[in-house]
Structures are given as structure tokens and as C-alpha cells.
Amino acid sequence: MTDEKAYQDLAKTLVEEFYRNQNQGLVTNLNKRNYENLGVTREKLIANLKDQMKEYTDENGRSLTEEEKEKVLDLIKRDLWGYGILDPLIHNPRISDIKTYSAGDVRIKTQGKRSGAGVTFENTGAYQNFVQRILERNKINLGTANAIQTFTDSSQEDFILRITAMSGLLTDSGLPCIAFRKIPKEKYTLRTLEDAGMFGHRAGGRGEKQKEAKQSAGKQFLSDATKESETMDRLLHQMISSKGILFTGKGASGKTTLMNAMLAEIPHDESIMICQENSELFDQEHPDLLAAHVLVNGGDSKVSYTLGDLTRAALLMDLDRVIVGEVKEGSEAAGLSKASMTGHKCWTSVHGESCEMAVDKMADYISQATGYGTREALKQLTGFEYVVHLRNFHIDEIKRIDGWDKKTDSMILTPVYPFSEKSRQTERAET
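What comes next concerns the included structure. What you are looking at is a predicted structure, and each value in this text was computed from that prediction instead of being measured. All residue numbers refer to position in the chain's written sequence, counted from 1. Predicted model: local features are reported for residues with pLDDT of at least 70 only, side-chain atom pairs are reported and counted for 80 or more only, and whole-chain, interface and lining totals are derived from all residues. Based on all heavy atoms of the structure, the side-chain values leave hydrogens and waters out of the count.

As for helix H4 (residues 66–80)
Where helices and strands are cited, they refer to DSSP runs of H or I of at least four residues and of E of at least two residues respectively, numbered from the N terminus. Working rule for helices: expected span equals 1.5 Å times residues minus one. If you check H4, its first and last C-alpha atoms are 21 Å apart, about what 15 residues at 1.5 Å a residue would give, namely 21 Å. The complete set of buried residues in H4 reads Glu68, Lys69, Val72, Leu73, Leu75, Ile76 and Leu80. Looking straight down H4, one finds that the buried residues subtend no more than 160° of arc, so they occupy a single side. Any residue under 20% of the maximum accessible area for its type is buried, any over 50% is exposed, and the rest in between are partly exposed; the area is computed with a 1.4 Å probe on protein chains only. What the arc describes is the spread of directions from the helix axis to the C-beta atoms.

So this is what it looks like as C-alpha cells:
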């Protein structure tokens, strides 16, 4: 058996036979890893499948070699525990987003550029089976009452997957649409983000020897290859220790990635709570960090806990920082602004095309929830200190909230990045 398609066909046959003959609950438990003896169960399943392959021969009556059996098993594992034909895309570190529209229309975003994925499902039935199996193993019901669902798959070794599923009931094609957002489990550091160009300049490169750090106090986040990198390093220190940060930009602009990298630099003597829709912000090293996610009601269940609920709970706890993954509605914005005005250091993100637009959008959310006018809502945001706008995975601008101007009756937003000579002098004076 030398034809690649023959291996794929055999793997498909064994997988389909497994789904026909096994209780679907076993598949769910295998994928969700619910039991302590799951590893044994999974190994037993693999051993049984390998044993079944003894029955298969090629057209010449030749049995599969051990190497060929392992190749077929890899394809089976990809279907049962991975994402089938999408698996190479899921594990490609250059790809950040994947969308499936139909059997023949799969799109990807590679380093900010959209293109076709170069893979197709065999037919519409195969595509619908693929979607159904993803939903079943993640215990998601994409029915009439839950036609749009978002959930997280943390079972993959290298990426956390934020998955948004839309039922064919809502699409003009009548087919379900699945969107995958990939969050690396091995977080970017601020230095690797510098190498990737997020801060508007590039360090010498990972393979080149960097200059010795000039900072005598505190950790150095970036290289000191240029004056701009030294100034950005100081600004990052000030932002992390500041009253609060509002991150903004379009989807996939790098907001979560930057937040995650900065989150790793919060001092360990501070207590943090992260409130988020999906488990995207995380830190395994911080000893006093509680990460919580929303609970959406499913089917006939009336039980749900929103970001607003989590933020309100945070106000009742002994915390130094409250971090909300993304604000999308009034209760979330109002709860977080209240936390910022009561001494908590708060971070969040919101979609926006500029720093000013992000502030205005947050104020609109607060107005919706509280009934405040625009002026009063904007004043609630003076508990934050910095607004960071990202575009195409790099920082586009940073502005500092310097309080309220009584003469003009407006918020004072002071540009601090891109750097001018004046802003450099200001940043040096403040350090």
C-alpha cells in the first residue's frame, strides 16, 4: 500500500466503523478527557484499531507493515481527537484563523493575510459530519434555540481554540459555518513580540546577540537596540503599573496577544481576577490569579453567568486587578468602570478604530447600562490611564488619560506613542 489516498481511505473506513459501533458517549469522554483512566481507555482503543488492521491487505494480498499501521493510526487519531483534514492548519503556527463555509470553501488567515486553505471536504455530507462531530465532542447543541454558539477547546497540545459555530438555520447557504481563532498555549513574551515588530521597531533578531541591558532597576522587557526600544520599555513598565489599560483595535489585531504578554509581567504580590467569555487570557506562573469564564444557558436551562455577573463578583473579593477579556455590552463596561473608580487596576479590550473611538464606545456601553449622559459616562473612564490601539499586529498609537479638562468639559487624551522627542523627554522625566 503506497498510495496516500489508500491510507486515508482505510483510516476513514475504520473511523466510520468506530462511530457506527461505539457508544457516542465514549467519544465525548475521550475528547473531553473526563476520567482518570482515560489514557488507558484511549490506548486500548488505539490497540484495538491496530489489531483490526491485521485483517486488511492490499490488492496483492500483502499485509500492512508496522510503519504503515502507524501511518494509518496517525490519520485515525487526527479524526478522533483532532480536526481531520483541518488538523495541519490547526497546528500551523503561522495561521491564526480558520473559517469553514462549505465542503469546498475553507479560508485561513496567515500572518494577517487571508487566502484559501487549499483543502476541501469530500462532499457536503462529509462537511456536515465534520461539524456535527466537533459539536458532539464539545457537548454543544446547535439547535433552533442555540443557533450561534461560542466555546473553547483546550485539548490540543499547542493551541487553545476559540470556536464560533453558526447553524445553517441562519446562513443563506443552509450550511453551518465554523470559525476557529487560535491562541498559542506557549504565550508570546514582550521580547518575542518586539522581534515580531509589534512595537514599531525590530530588535536585531533572535539569532543575534543583543546589547547588555542598561536598566539598573527592574526587569527589562525589550532590547536596548535603539532609543525607541529603550523608551518603549520604560513605557511598558509604566503601563503595567498604571491604574488601568484599555486595548482596542479590530478583530485579530493582536489585542489578546499583547494583553497575555503583559499579564505575565504583573507583580506576584498583586491579586488578579480574569473575567472572560472564553479561556484566552491565562498565566500559569502567577500565584494569586483567578481566571473565570461565562456560563451560557444551553437548551432548556435557564442558568447563565455573564461577564457582568463575574465583574460584580470581583468587586466583592480582595483584588488588586480586574481584567475583562473583551467588553461587548453595557453591564460589562459599567461593572469594570466601577471597579476602576474604586481603586482596582483594570484592563479590558473593545473593538475600535482609534483610541478616541474606543473611549467613546466604552462610554456608550456605560450609558446603556446606567442611563448616564455622555459626559458622566466618559468621566467614569478616568479610572483608566492608558488606551492602546493595535492594527495588523502592531501598536498603532497609545494615548494617556490625563483626567478631565474643566474648561472644555472633556477628557484629556495625551498622545505618548508614536514617540516624539517631547514624549521621550516626558517619559524619561516620569521615570
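Further notes follow.
Describing the sheet that holds strand E14 (residues 410–417)
When DSSP finds two or more bridges between a pair of strands, those strands are recorded as paired. A sheet is described by the order of its strands in space; here eight strands give the open sequence E9-E8-E10-E11-E7-E12-E13-E14, paired in mixed fashion. Taken across any chain shown, the strands that pair with only one partner, and hence form the sheet edges, are strand E9 (289–293) and E14. The sheet shows a mean angle of 20° between the axes of neighbouring strands, direction not considered. Where strand E7 (residues 244–249) lies against strand E12 (residues 386–391), five bridges are found, and the strand directions are parallel. Of the residues in E12, the one forming a bridge with Ile245 is Tyr386. Lying over the sheet, helix H12 (residues 355–370) contacts E7, strand E11 (345–351), E12, strand E13 (394–405) and E14, oriented at roughly 100° with respect to E11. Fitting a line to C-alpha atoms yields each axis, with helices limited to the stretch in contact; the angle taken between N-to-C directions then spans 0 to 180 degrees. Residue contacts follow a heavy-atom distance rule, with two residues in contact if any of their heavy atoms lie within 4.5 Å.

A word on the state of the cysteines
The disulfide criterion is simple: two cysteine sulfur atoms within 2.5 Å. This model, assessed by the stated rule, comprises zero disulfides. In this structure Cys346 is a free cysteine whose sulfur lies 9.5 Å from that of Cys275, the closest cysteine sulfur available. With relative accessibility at 0%, the residue Cys346 sits in the buried group.

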